Amino acid sequence: MTKFEVVVYNAAVREAVKFGDHHKEFEDDWADPHYIEIQSENEDKARARAAVKYPENRGFVIVAVNEATDI
C-alpha cells in the first residue's frame, strides 16, 4: 500500500463563511483545505476512498490526490 495525501475542502462551508455565516453541520475550518492521508494501492483508489468519506453531494471538493513523501 502507498500513502496518498488528499486535499479536500467543503464548498458549502466556504460559501457560508464568505458571507459571514456558519454551516449548520460542519465547522468553519472546512472552508480551508484539509490534508488527509489515505493508504491505497493507487491514486484512483485513493480518490475513490476519499470520495466515499468526503462526498460531493455534501459539499466536499477533492482538489488533489498526490503520493505522500516523507521529509
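Details of the structure are given in the entry above.
No experiment lies behind these values; they were computed from the predicted model shown.

1. Overview of the sheet that holds strand E2 (residues 34–40)
1) Next: If you walk across this open sheet you meet the three strands as E2-E1-E3, and the pairing is antiparallel. At either end of the open sheet lies a strand with only one pairing partner, and these are E2 and strand E3 (60–67). The average angle at which neighbouring strand axes cross in this sheet is 30 degrees, direction not considered.
2) Next: In this sheet, E3 lies alongside strand E1 (residues 2–10) in antiparallel orientation, the contact comprising seven bridges. Within the sheet, the bridge partner assigned to Val7 lies in E3 and is Ala64.
3) Next: Contacting E1 and E3, helix H1 (residues 11–18) crosses the sheet at an angle of about 40 degrees to E1.

2. Re the side chain of His23
1) Next: By secondary structure assignment, the location of His23 is in the loop between H1 and E2.
2) Next: Polar contacts involving the side chain of His23 include one to the main-chain amide nitrogen of Glu25, which spans 2.9 Å.
3) Next: Within polar-contact distance, the side chain of His23 engages the backbone nitrogen of Phe26 at 3.1 Å.
4) Next: Residues contacting His23, with those up to four places away along its chain left out, are Ala12, Val13, Ala16 and Asp28.

3. What about the pattern of salt bridges?
1) Next: Tallied over the entire structure, the rule returns three salt bridges.
2) Next: In this structure, the salt-bridge partner of Lys3 is Glu37, at a minimum N-O distance of 3.9 Å. One end of the pair, Lys3, is in strand E1; the other, Glu37, is in strand E2, with 34 residues separating them in the sequence.
3) Next: Overall, the relative accessible area of 24% leaves Lys3 in the partly exposed class.
4) Next: Relative accessible area serves as the criterion here: at 55%, Glu37 is assigned to the exposed category.
5) Next: The salt bridge partner of Arg58 is Glu25, with a shortest N-O separation of 1.9 Å. Of the two residues, Arg58 sits in the loop between helix H2 (43–53) and E3 while Glu25 sits in the loop between H1 and E2, which places them 33 residues apart along the sequence.
6) Next: Here Glu25 falls in the partly exposed class, since its relative accessible area comes to 49%.

4. Thoughts on the pairing of E2
1) Next: Only one face of E2 is buried, namely the one carrying His34, Ile36, Ile38 and Ser40, since none of Tyr35, Glu37 and Gln39 on the opposite face is buried.
2) Next: Two strands pair when backbone bridges link them, and E1 and E2 are joined in this way by seven bridges, in the antiparallel orientation. Considered in E2, the bridge of Val7 is made with Tyr35.

The rules behind the values
- Residues numbered from 1 in each chain as written.
- Predicted model: local features only at pLDDT ≥ 70, side-chain atom pairs only at ≥ 80, totals over all residues.
- Heavy atoms only, no water.
- Pairing = 2+ DSSP bridges.
- Helix = DSSP H or I, 4+ residues; strand = E, 2+ residues; numbered from the N terminus.
- Axes fitted to C-alpha atoms, helices over the stretch in contact; angles between N-to-C directions.
- Contact = heavy atoms within 4.5 Å.
- Polar contact = N/O pair within 3.5 Å; in protein donor to acceptor, adjacent residues only side chain to side chain.
- Salt bridge = Lys/Arg side-chain N within 4 Å of Asp/Glu carboxyl O.
- Buried < 20%, exposed > 50% of the residue type's maximum accessible area, 1.4 Å probe, protein only.

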